[in-house]
Amino acid sequence: MIRKILWSICAIFLLLCMVYAAGAQVFEFELSAIEVRDIDFIPISPFVTLTPDRGNYGSYFVGEDITLRYESVLDGYVSIFNYTPDGKARILRNNERVTAGARNSFRGIVAQPEGTERFLIIHSSWIVPDRILIEVLQNPSRAEELISERAYLNRAIIEVSSRREKTRTVIRFASLPAEMPAGGQLRIRAALLDAEGNALVNRRIQWEVDEGTLDRYQTFTNTAGESEIWFSAPRFQEGTPVRVRALFEGDMIYGPSDETVVFTVNPERIQTLLVLKPESFHVTSGESVSFGAELTDLRGEAVEGRTVVWSASRGSWESEITRTNELGETGNRWFAPRVEATETVELSVAFEGVRHLLPSHDVSYGTVSGTGVYTGKSLYYLDLSGGKADTNFENIVYRGNFVHGYSLNPLYTLSMEPGGYAEVHFHLSQPLQSGAVYLWGKSEQRAQIGIFLNDHKVYSGLSSEGRLTPLESQAFYLSDFLTLGSNRLRLEIDAVEGGGDFYLQRILLVF
């Protein structure tokens, strides 16, 4: 009787050692859904592995080929169970002898039903009796307890579905600028939607770019179906179109889609320098002066064929617009207005910039003497408190800007940065032994001033600080350097550490 039972058991397990590829079903058990789900929580061991050819949680269509690969780091015996989505359990391998490090595999065809299909592999150092093996098949969560000797377990899971027509998808890019600067960064956002416009969540988007770099080349959509990356543009010498592609490869339900966005990366804008010459001038009413301008880039190279615009506070230019030659040079003629008293004029030239060159400009200051210039014998003055030059000096030239707020009274002052200056000319018709110059000027912070008479230094030192008042002036004695005829008095502002601008309101020269 015992012998008949043993022969029956052997016959059953000969049938269980089936070829999975044939899809035959010779022996199976029904399991509860709870018992099947418990397989996902069984402690697994690194000593034995079981891997589908598309990886754990890989997706398969019914009728597709599947290959299961398994390996152990120990000699022993391996059994493999299969748990189908409808709760049936089968034995695929029964106490198969394996050698440590040897790679084994078998192929099969994926069959119905759809859903999550699980595989369980058990490694033991001895042959597990058939009755215990069947009990483990029916109670996988108790595998270690039932085998009663050290057993190593691992599992694999696949998703099975039938082939069906996939839902069409579309990728839409958020609005992007048509152009961006070289070396800059641009955020690029795209949304993955189905044919009805519904957002697809947690889908992988792959990104490609033909120029520059992306901070990521793979992203996943958020709850709004959106995904974004940052593009870093290279430094081009010329405007270059860049293409960024977003690709969704599709899955079991949704079909693939891709979209490409194109924008232009403009070359890096280079700083330019525009110099107007002469930087200062003096003419009489109705005269004309020739001016030149030179345009170069930051490297000192000439900028050819670019337009510059000329403007003037008074008078007129021969041409409002000129173009630079191969040396980066251009010229123009300015015609002085007709005035009765000396007036200050500001002339300027500007390059407005182009795609790869930054704008620049320069200014020249000068005076126009009227037909009735007064030449005093004992007193000369320059008063700037009205926002323009009121003077009886023969000629004045200065560099600075008229500003409010640095005088006790609501009057103007001339703000001069380090490098700024004010220069006046006067005429002596008889020899004089001495004179004095009075300055109404102060600095908000420390400022270094220098006073020169006919290119000889009269004074050099720090100016007074604070706000200007009518009774506060600095007086400087003039002697030795006065000459018969034309004389020149110059006030210069020098840089000093921690210093600021100098604010001049008036100059008084007495003899």
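Residues numbered from 1 in each chain as written. Predicted model: local features only at pLDDT ≥ 70, side-chain atom pairs only at ≥ 80, totals over all residues. Heavy atoms only, no water.

Enquirer: Help me get a handle on the overall build of the protein, residues and values and all.
Expert: Helices and strands together make up the secondary structure of the protein, namely four helices and 39 strands. Scaling as 2.2 N^0.38, a compact globule of 511 residues should have a C-alpha radius of gyration of about 24 Å, whereas the protein reaches 46 Å, well beyond that. Dimensions of the protein along its principal axes, counting C-alpha atoms only, are 155 × 45 × 40 Å. Buried positions account for 43% of the 511 residues belonging to the protein. Once local pairs closer than 6 in sequence are excluded, the contacts in the protein between residues at least 24 apart make up 68%. Element-wise, carbon and sulfur atoms account for 49% of the exposed surface of the protein, whose accessible area totals about 26300 Å². Of note, the protein has its 48 positive side-chain charges centred 7 Å away from the centre of its 65 negative side-chain charges. (Helix = DSSP H or I, 4+ residues; strand = E, 2+ residues; numbered from the N terminus. Rg over C-alpha atoms; globule rule 2.2 N^0.38 Å. Buried < 20%, exposed > 50% of the residue type's maximum accessible area, 1.4 Å probe, protein only. Contact = heavy atoms within 4.5 Å. Areas by Shrake-Rupley, 256 points an atom, 1.4 Å probe, with all protein chains shown as cover. Lys, Arg positive; Asp, Glu negative; His and termini not counted. Charge placed at Lys NZ, Arg CZ, Asp CG, Glu CD.)

Enquirer: Which residues make up the packing of aromatic side chains, and what values go with them?
Expert: Going through the model one piece at a time under the given rule, you end up with 17 aromatic pairs. Arranged with centres 6.0 Å apart and planes meeting at 85°, the rings of tyrosine 398 and phenylalanine 402 form a pair that is edge-to-face. In this structure tyrosine 398 comes out as buried when scored by relative accessible area, which is 4%. Classification of phenylalanine 402 by relative accessible area gives partly exposed; the value is 27%. Plain terms: the ring middles of phenylalanine 402 and tyrosine 412 are 6.4 Å apart, the flat faces sit at 90° to each other, and that makes the pair edge-to-face. Linking phenylalanine 402 in strand S31 (residues 401–403) with tyrosine 412 in the loop between S31 and strand S32 (413–416), this pair joins segments that are 10 residues apart in sequence. Stacked on the ring of phenylalanine 106, the Lys or Arg arginine 93 has its end atom at 4.3 Å from the ring centre. Sitting over the face of the ring of tyrosine 421, arginine 490 holds its NZ or CZ atom 4.2 Å from the ring centroid. (Phe/Tyr/Trp six-rings, centres within 6.5 Å; stacked < 30°, edge-to-face > 60°. Lys NZ or Arg CZ within 6 Å of the ring centre and 35° of its normal.)

Enquirer: Requested: an account of the sheet that holds strand S38 (residues 485–494), with residues and values cited.
Expert: Spatial strand order, S30-S33-S38-S35-S36: five strands in an open sheet with antiparallel pairing. The sheet is open, and its two edges are formed by strand S30 (395–399) and strand S36 (456–462), each paired on a single side. Geometrically, the sheet is characterised by an average inter-axis angle of 15° between neighbouring strands, direction not taken into account. Taken together, the six bridges between strand S35 (residues 448–453) and S36 define a ladder with antiparallel strand orientation. For leucine 453, the partnering residue across the bridge sits in S36 and is histidine 456. (Pairing = 2+ DSSP bridges. Axes fitted to C-alpha atoms, helices over the stretch in contact; angles between N-to-C directions.)

Enquirer: So what about the confidence of the model for the protein? Which residues, and what values?
Expert: Residues at a pLDDT of 70 or more form 93% of the protein, whose mean pLDDT is 86. The model gives residues 1–26 a pLDDT under 50, and that stretch makes 31 contacts with residues more than four places away or in other chains. (pLDDT = per-residue confidence, 0-100.)

Enquirer: Kindly report on the side chain of threonine 322, identifying the contributing residues and their values.
Expert: Tracing the backbone shows threonine 322 in strand S24 (residues 321–323). Within the local environment of threonine 322, its side chain forms a polar contact with the side chain of tryptophan 310, the two groups lying 2.8 Å apart. Not counting chain neighbours up to four residues away, the residues in contact with threonine 322 comprise Arg306, Thr307, Val308, Trp310, Thr330, Gly331 and Asn332. (Polar contact = N/O pair within 3.5 Å; in protein donor to acceptor, adjacent residues only side chain to side chain.)

Enquirer: Could you give an account of the pattern of salt bridges, naming the residues involved and the relevant values?
Expert: Here the structure, examined in full by the defined rule, presents 25 salt bridges. A salt bridge links arginine 103 to glutamate 71; its shortest N-O distance comes to 3.9 Å. Of the two residues, arginine 103 sits in strand S7 (residues 103–109) while glutamate 71 sits in strand S4 (residues 65–72), which places them 32 residues apart along the sequence. Relative accessible area serves as the criterion here: at 74%, arginine 103 is assigned to the exposed category. A residue is classified by how much of its surface remains accessible, and glutamate 71, at 28% relative accessible area, is partly exposed. Residue arginine 299 pairs with aspartate 297 through a salt bridge whose shortest N-O separation is 2.9 Å. Ionic contacts of the salt-bridge type, sharing partners, join the residues Glu423, Asp455, Arg488, Arg490 and Glu492 into one network. (Salt bridge = Lys/Arg side-chain N within 4 Å of Asp/Glu carboxyl O.)

Enquirer: Lay out unusual backbone geometry in plain terms, naming residues and giving numbers.
Expert: For the bond from glutamine 112 to proline 113, the omega torsion is 5°, close enough to zero to count as cis. When you line up the elements, proline 113 lands in the loop between S7 and strand S8 (115–124). Between lysine 277 and proline 278 the backbone carries a cis peptide bond, its omega angle lying at -5°. Mapped onto the elements, proline 278 comes out in the loop between strand S19 (272–277) and strand S20 (280–284). Of note, asparagine 202 is a non-glycine position whose phi angle comes to about 55°, a positive value. Positionally, asparagine 202 belongs in the loop between strand S12 (185–194) and strand S13 (204–209). The phi angle at aspartate 455 is positive, at roughly 70°, despite the residue not being glycine. Looking at the secondary structure, you find aspartate 455 in the loop between S35 and S36.

Enquirer: So what about a nonpolar patch on the surface? Which residues, and what values?
Expert: There is a patch of nonpolar side chains on the surface, built from Phe47, Val73 and Leu74 and spanning about 230 Å² of accessible area. On the secondary structure map, valine 73 appears in the loop between S4 and strand S5 (76–83). We classify valine 73 as partly exposed; its relative accessible area is 46%. (Patch = residues over 30% accessible without salt bridge, like charges linked within 9 Å, V, L, I, M, F, W, Y side chains within 5 Å.)

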